[in-house]
Amino acid sequence: LICTMLVFLMTPGLAFFYGGLSRRKNVINTMLMCFGAIGLVGVLWIVAGWSLAYGGDGSSPFIGGLDQLLCLPVLSQVLQAAEGNAADGAVYPQIINIAFQMAFAAMTAFLGIWLLVVYAPLAHMVWGGDGSFIGDIIGALDFAGGDVVHISSGLTGLILCSMLGRRRGFGMVSYRPHNVPFVALGAGLLWFGWFG
């Protein structure tokens, strides 16, 4: 639970970090996009993201299954625990793992379709357990999200920048960060949240 809260703290950290780096006219839009990702990803993660990332029987090394849609199996586990019938050997409720992984997805994703098409399959390939392509077959370890979070976001950003081209007025107007204390505060929150 503590790690989940720390990772969720990184989203306001991103809002401050990006808000401080952007122009004054773009600060509100930039910060609200970071917080909007929590709402959008929160819904999509429960509906299908969790299932695509961690569902299935392990037979596909590239994507999970559809057996966890709407997190229905986990909902039944939560209801059983509320009745005092917790599953034998359960260290903690699965809902905590769903929230933890959703915090990473919310910090990474900017578009709903991207979450389902890029992030969830990549999370399965890296963190999906037995039979996952990158984590099990190749044997790469990714404890802090270097593959799933940073490489996927960076590569997506590079592709989008290449497609969109230069910004209007590029090189003609001086571009300075709006608020350096926001950048420092955001970097501090990101660093603190990273410990999650």
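Presented here is a report on the structure given in the accompanying data block. Just so we're clear, the structure is a prediction, and the values are computed from it rather than from any experiment.

Parameters at a glance
- Residues numbered from 1 in each chain as written.
- Predicted model: local features only at pLDDT ≥ 70, side-chain atom pairs only at ≥ 80, totals over all residues.
- Heavy atoms only, no water.
- Helix = DSSP H or I, 4+ residues; strand = E, 2+ residues; numbered from the N terminus.
- Buried < 20%, exposed > 50% of the residue type's maximum accessible area, 1.4 Å probe, protein only.
- Contact = heavy atoms within 4.5 Å.
- Areas by Shrake-Rupley, 256 points an atom, 1.4 Å probe, with all protein chains shown as cover.
- Lys, Arg positive; Asp, Glu negative; His and termini not counted.
- Charge placed at Lys NZ, Arg CZ, Asp CG, Glu CD.
- Axes fitted to C-alpha atoms, helices over the stretch in contact; angles between N-to-C directions.
- Parallel < 35°, antiparallel > 145°, perpendicular 65-115°, else oblique.
- Left-handed = near helix turned anticlockwise from the far one by under 90°.
- Nonpolar A, V, L, I, M, F, W, Y, C, P; charged D, E, K, R; others polar.
- 1 Å grid on protein atoms, 1.4 Å probe; cavity = no way out; pocket = protein on both sides within 12 Å on 5 of 7 lines; lining within 4 Å.
- Points joined across faces, edges and corners; volume = space filled by probe spheres on them.
- Bend = angle between axes of the 7 residues up to and from the residue.
- Expected span 1.5 Å × (residues − 1).
- Arc of directions from axis to C-beta.

**A look at the overall build of the protein**
Okay, so step 1: When helices and strands are tallied, the protein shows eight helices and zero strands.
Okay, so step 2: When the helices and strands of the protein are read in sequence order from the N terminus, they spell out α-α-α-α-α-α-α-α.
Okay, so step 3: When the 196 residues of the protein are sorted by exposure, 38% land in the buried category.
Okay, so step 4: Summarising the internal contacts of the protein: among those between residues at least 6 apart in sequence, 65% fall at separations of at least 24.
Okay, so step 5: With an accessible surface of roughly 11,600 Å², the protein has 71% of that area assigned to carbon and sulfur atoms.
Okay, so step 6: Charge-centre separation for the protein: the mean point of 7 positive side chains lies 45 Å from the mean point of 8 negative side chains.

**Focus: the environment of alanine 81**
Okay, so step 1: Among the structural elements, alanine 81 can be located in helix 3 (residues 72-82).
Okay, so step 2: For the pair formed by alanine 81 and glycine 154, sequence separation is 73 residues and the distance between their alpha carbons is 40 Å.

**A closer look at the packing of helix 1 (residues 2-21) against helix 2 (residues 27-54)**
Okay, so step 1: For the pair helix 1 and helix 2, the least separation of the axes is 8 Å and the interaxial angle reads 160 degrees. Judged by the angle between their axes, helix 1 and helix 2 are roughly antiparallel. Both helix 1 and helix 2 take part in a crossing whose hand is right-handed. Each of Thr11, Pro12, Leu14, Ala15, Phe16, Tyr18 and Gly19 in helix 1 lies in contact with helix 2, whose residues at this interface are Val27, Thr30, Met31, Cys34, Phe35 and Ile38.
Okay, so step 2: Here the residues of the contact of helix 1 with helix 2 sort into ten nonpolar, three polar and no charged.

**Points about the layout of surface pockets**
Okay, so step 1: Of the voids in this model, the largest pocket is the one considered here, and its volume is about 940 Å³.
Okay, so step 2: Along the walls of the largest pocket sit 22 residues, with Met33, Gly157, Leu160, Cys161 and Leu164 positioned nearest its centre.
Okay, so step 3: Mapped by element, the contributors of at least two residues to the lining of the largest pocket are helix 2 and helix 7 (146-164).
Okay, so step 4: The element contributing the most residues to the lining of the largest pocket is helix 7, with seven residues.

**Here's the deal with unusual backbone geometry**
Okay, so step 1: For leucine 70, which is not glycine, the phi dihedral falls at a positive 60 degrees.
Okay, so step 2: Assignment of secondary structure puts leucine 70 in the loop between helix 2 and helix 3.
Okay, so step 3: Phi at cysteine 71 is positive, roughly 55 degrees, even though this residue is not glycine.
Okay, so step 4: Residue class for cysteine 71 comes out buried when judged on its relative accessible area of 4%.

**Digging into helix 5 (residues 112-127)**
Okay, so step 1: Largest kink in helix 5: about 30 degrees, centred on tyrosine 119, with the proline proline 121 one to four residues after it.
Okay, so step 2: In terms of burial, helix 5 is a largely internal element, twelve of the 16 residues being buried.
Okay, so step 3: All of the buried residues in helix 5 are Gly112, Trp114, Leu115, Tyr119, Ala120, Pro121, Leu122, Ala123, His124, Met125, Val126 and Trp127.
Okay, so step 4: Against helix 2, helix 4 (94-108), helix 6 (133-138) and helix 7 lie the buried residues of helix 5.
Okay, so step 5: One or two steps after helix 5, the chain reaches glycine 129, where phi turns positive at roughly 90 degrees.

**Some words on helix 8 (residues 180-194)**
Okay, so step 1: With 15 residues, helix 8 ought to run about 21 Å at 1.5 Å a step, and its terminal C-alpha atoms sit 21 Å apart, in line with that.
Okay, so step 2: Of all the residues in helix 8, the buried ones are Val183, Gly186, Leu189, Leu190 and Gly193. All buried residues of helix 8 fall inside an arc of 130 degrees around its axis, so they share one side. In helix 8, the exposed residues that point more than 90 degrees away from the buried face are Val180, Pro181, Ala184 and Trp191.

Functional significance is not addressed by these values, which are geometric in nature.
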